[in-house]
Amino acid sequence: MHPFIAQIQQRLPSPNWLRSSAMQQGLMFIIVSVISLILMSSLTIAYVDYHLDKVNNNIEHNVEAFMLGNTTKINKEPIDEDDVIDVLATGFILSGILVVLFSSAIVISMTRRNQSKIDRIEKVLHAAANGELSARTMMSSQSNDLTRIGSTVDEMLSRLQSVVAAMSDISTNIAHELKTPITRLQYNLQTLNEMADAHSDNLDDDFSEQLELSLKESNRLANIFDALLRISQIESGNRRQRFETINVVDLVHTIAEIYTEVAEDAGMTLTLNSQKEPIFIQGDRELLIQQVANLVENSLRYCPQASQLTLSCHTEQDNVVITMADNGPGIDDQEKNRVFERLYRINKSRNDGGLGIGLTLVKAVTDLHQGEIKLYDCHPGLGVEIRYHC
């Protein structure tokens, strides 16, 4: 919309039909057409008048020279029809060029303003789709369709952000409230287990087995709540205050040293493929270590014996790329979009000790560091690639 119309609409109330962008563009087209006709006529008249003045001056000079006897010839046809046509044609062409330039400038200006609004709305919607609910178009006026859409998008995202924040607070509060009784339950079961060990002669094996199973499940439940609380803390963004300069190469080497023997004990082989030159990024060292450790543990948990695991780290186009690949069973394509969900497990009937939040935490750490993560097939096996900007 043209700034002049926007200023008028801000000062004077406009009817609803005038708030349509199509109606505004049609109205602007009419105004531009009228102004173009007036401008074209004015320029043509001015140009023709200028040349007629020149012809009139030539006639006056010729008559004056004849009266003074300086010449004996008088042009009987001082104005040639062809000259008049040429003057008119030239005037129309020049004024037409100027009008086209004027109209094009207005059309380009209108188009760029509307496209700018569309780009802002599209950018905000893409950001919201990626989980950034704080993005806004900052379109507060109601001057046309696009600004109303932008304002509505902002209002929608504000409400959605409030709802998500409220749900996150509720989940966190529930987790905190449940953590205390779970801790007490663990303590009671641990005490009961110690008492059972002291009186093992008077207890049957079934009782001891059930007690041990209860203690194990309580520990599992406590680990789930701890992980959920940690993920909520990561997603809140508060951990960015702890960012420091991290050497990713040293971090990956540390993880490889820890888990190489673990992999050997599990009958697997863990290979490190990393460049020697240091790679520095801004991040939370504790979370990055836990992220890479989760990737290795995920492969160790789901791959069979004799599997080959490869942990890699290198730079690529101003990005540090961390990959964890294996030749295990892999993941079906339809499952890849869901493995980052909380508590989602591919094989729910399999009791492998997984909590279903390992990759969720990996994704949360990646988002906190504004990185990118993707899964790919190794044929056979699964690969996880994480990219951070150096």
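Remember, it's a predicted structure, so these values are computed and weren't measured experimentally.

A. Local environment of the overall build of the chain. Along its length, the chain carries nine helices and seven strands. Considering only residue pairs separated by 6 or more positions, the chain has 68% of its internal contacts joining residues 24 or more positions apart.

B. Examining a negative patch on the surface more closely. Taken together, the side chains of Asp-204, Asp-205, Asp-206, Glu-209 and Glu-212 define an acidic patch exposed on the protein surface. Note on placement: Asp-204 falls in the loop between α4 (145–198) and α5 (205–236). Among the residues examined, Asp-204 registers a relative accessible area of 48% and is labelled partly exposed.

C. Representation of the pairing of strand β4 (residues 308–315). When strand β2 (residues 269–274) meets β4, the two strands line up parallel, connected through six bridges. Following the sheet pairing, Thr-271 is matched in β4 by Thr-310. Both β4 and strand β5 (residues 319–326) contribute to a ladder of seven bridges, which runs antiparallel. If you follow Thr-315 over to β5, its bridge partner there is Val-320. In textbook terms, the turn of a hairpin is the stretch between consecutive antiparallel strands, and for β4 and β5 this stretch comprises three residues, one of which, Gln-317, has a positive phi near 55 degrees.

D. Spotlight on unusual backbone geometry. Note the cis peptide between His-379 and Pro-380, where omega equals 0 degrees. Mapped onto the secondary structure, Pro-380 falls in the loop between β6 (372–377) and β7 (382–389). A positive phi angle, close to 55 degrees, is found at His-379, a residue other than glycine. Inspection of the secondary structure puts His-379 in the loop between β6 and β7. Residue His-379 is classed as exposed on the basis of its relative accessible area of 68%.

E. Spotlight on the nonpolar core. Grouped together as the largest cluster of nonpolar side chains are 47 residues, with contacts concentrated most on Leu-270, Val-296, Leu-311, Cys-313 and Val-320. Elements represented by at least two residues in this core include exactly α5, α6 (248–265), α7 (285–302), β4, β5, α9 (358–368), β6 and β7. With residues up to four places along the chain from it excluded, the contact list for Cys-313 reads Val-248, Val-249, Val-252, Asn-273, Ser-274, Gln-275, Ile-279, Val-320, Val-321 and Ile-322. Within the second largest apolar cluster, nine residues are counted, among which are Ile-121, Ala-127, Met-139 and Leu-157.

F. Just the pattern of salt bridges, in detail. Scanning the entire structure with this criterion turns up eight salt bridges. Residue Glu-286 is joined to Arg-242 by a salt bridge in which the shortest nitrogen-to-oxygen separation is 3.3 Å. Here the residue Glu-286 occupies a position in helix α7, and Arg-242 occupies one in the loop between α5 and β1 (244–247), the gap between them amounting to 44 residues. The residue Arg-387 makes a salt bridge to Glu-316 at a minimum N-O spacing of 2.8 Å. Of this pair, Arg-387 sits in strand β7 while Glu-316 sits in the loop between β4 and β5, and the two are 71 residues apart along the sequence.

G. Expanded view of the confidence of the model for the chain. With 82% of its residues at a pLDDT of at least 70, the chain reaches an overall mean of 78. Counted against residues more than four places away or in other chains, residues 1–13, with its pLDDT under 50, gives 15 contacts.

H. Summary view of the UniProt feature "transmembrane region" (unreviewed entry) in the chain. Following the UniProt record, the feature "transmembrane region" (unreviewed entry) maps to residues 27–48 and 87–110 here. For the annotated span residues 27–48, helix accounts for 100% and strand for 0% of the residues, and the straight-line distance between the end C-alpha atoms is 32 Å.

I. Representation of the packing of α7 against α9 in the model. In contact at an axis separation of 9 Å, α7 and α9 are set at 145 degrees when each is read in the N-to-C sense. Here α7 and α9 pass one another in a crossing that is left-handed. Contact with α7, carried on its side by Leu-287, Leu-288, Gln-290, Gln-291, Asn-294, Leu-295 and Asn-298, involves Gly-358, Leu-359, Leu-361, Val-362, Val-365, Thr-366 and Leu-368 of α9 and no other residues of that element. Broken down by class, the residue content of the contact of α7 with α9 amounts to eight nonpolar, six polar and no charged.

J. Molecular detail of a nonpolar patch on the surface. A grouping of Leu-27, Ile-31, Ile-35 and Phe-102 is seen on the molecular surface, where their side chains present a nonpolar patch of about 280 Å² in accessible area. Residue contributions to the nonpolar patch peak at three residues, all from helix α2 (residues 21–67). Position of Ile-31 relative to the elements: it lies in helix α2.

K. Quick look at the packing of α6 against α7. In contact at an axis separation of 10 Å, α6 and α7 are set at 30 degrees when each is read in the N-to-C sense. The orientation of α6 with respect to α7, classified from their angle, is roughly parallel. The two elements α6 and α7 cross, and the hand of that crossing is right-handed. In this structure, α6 uses Leu-251, Ile-255, Tyr-259, Val-262 and Ala-263 to contact α7, whose residues at the interface are Arg-285, Leu-288, Ile-289, Val-292, Ala-293, Val-296, Glu-297 and Leu-300. Here the residues of the contact of α6 with α7 are counted per class, giving 11 nonpolar, no polar and two charged.

L. Highlighting the sheet that holds β6. Across the sheet, which stays open at both edges, the five strands sit in the order β2-β4-β5-β7-β6 with mixed pairing between neighbours. Because the sheet does not close on itself, it has two edges, and the strands there are β2 and β6. Between one strand axis and the next, the sheet turns through 15 degrees on average, direction left out of account. On top of the sheet, α6 reaches β2, β4 and β5; it is set at about 165 degrees to β2, its chief contact.

The rules behind each value
Residues numbered from 1 in each chain as written. Predicted model: local features only at pLDDT ≥ 70, side-chain atom pairs only at ≥ 80, totals over all residues. Heavy atoms only, no water. Helix = DSSP H or I, 4+ residues; strand = E, 2+ residues; numbered from the N terminus. Contact = heavy atoms within 4.5 Å. Patch = residues over 30% accessible without salt bridge, like charges linked within 9 Å, V, L, I, M, F, W, Y side chains within 5 Å. Areas by Shrake-Rupley, 256 points an atom, 1.4 Å probe, with all protein chains shown as cover. Salt bridge = Lys/Arg side-chain N within 4 Å of Asp/Glu carboxyl O. Lys, Arg positive; Asp, Glu negative; His and termini not counted. Charge placed at Lys NZ, Arg CZ, Asp CG, Glu CD. Buried < 20%, exposed > 50% of the residue type's maximum accessible area, 1.4 Å probe, protein only. Pairing = 2+ DSSP bridges. Core = buried A, V, L, I, M, F, W, Y, C linked by side-chain atoms within 4.5 Å. pLDDT = per-residue confidence, 0-100. UniProt positions renumbered as here; feature names shortened; annotations may be inferred. Axes fitted to C-alpha atoms, helices over the stretch in contact; angles between N-to-C directions. Left-handed = near helix turned anticlockwise from the far one by under 90°. Nonpolar A, V, L, I, M, F, W, Y, C, P; charged D, E, K, R; others polar. Parallel < 35°, antiparallel > 145°, perpendicular 65-115°, else oblique.

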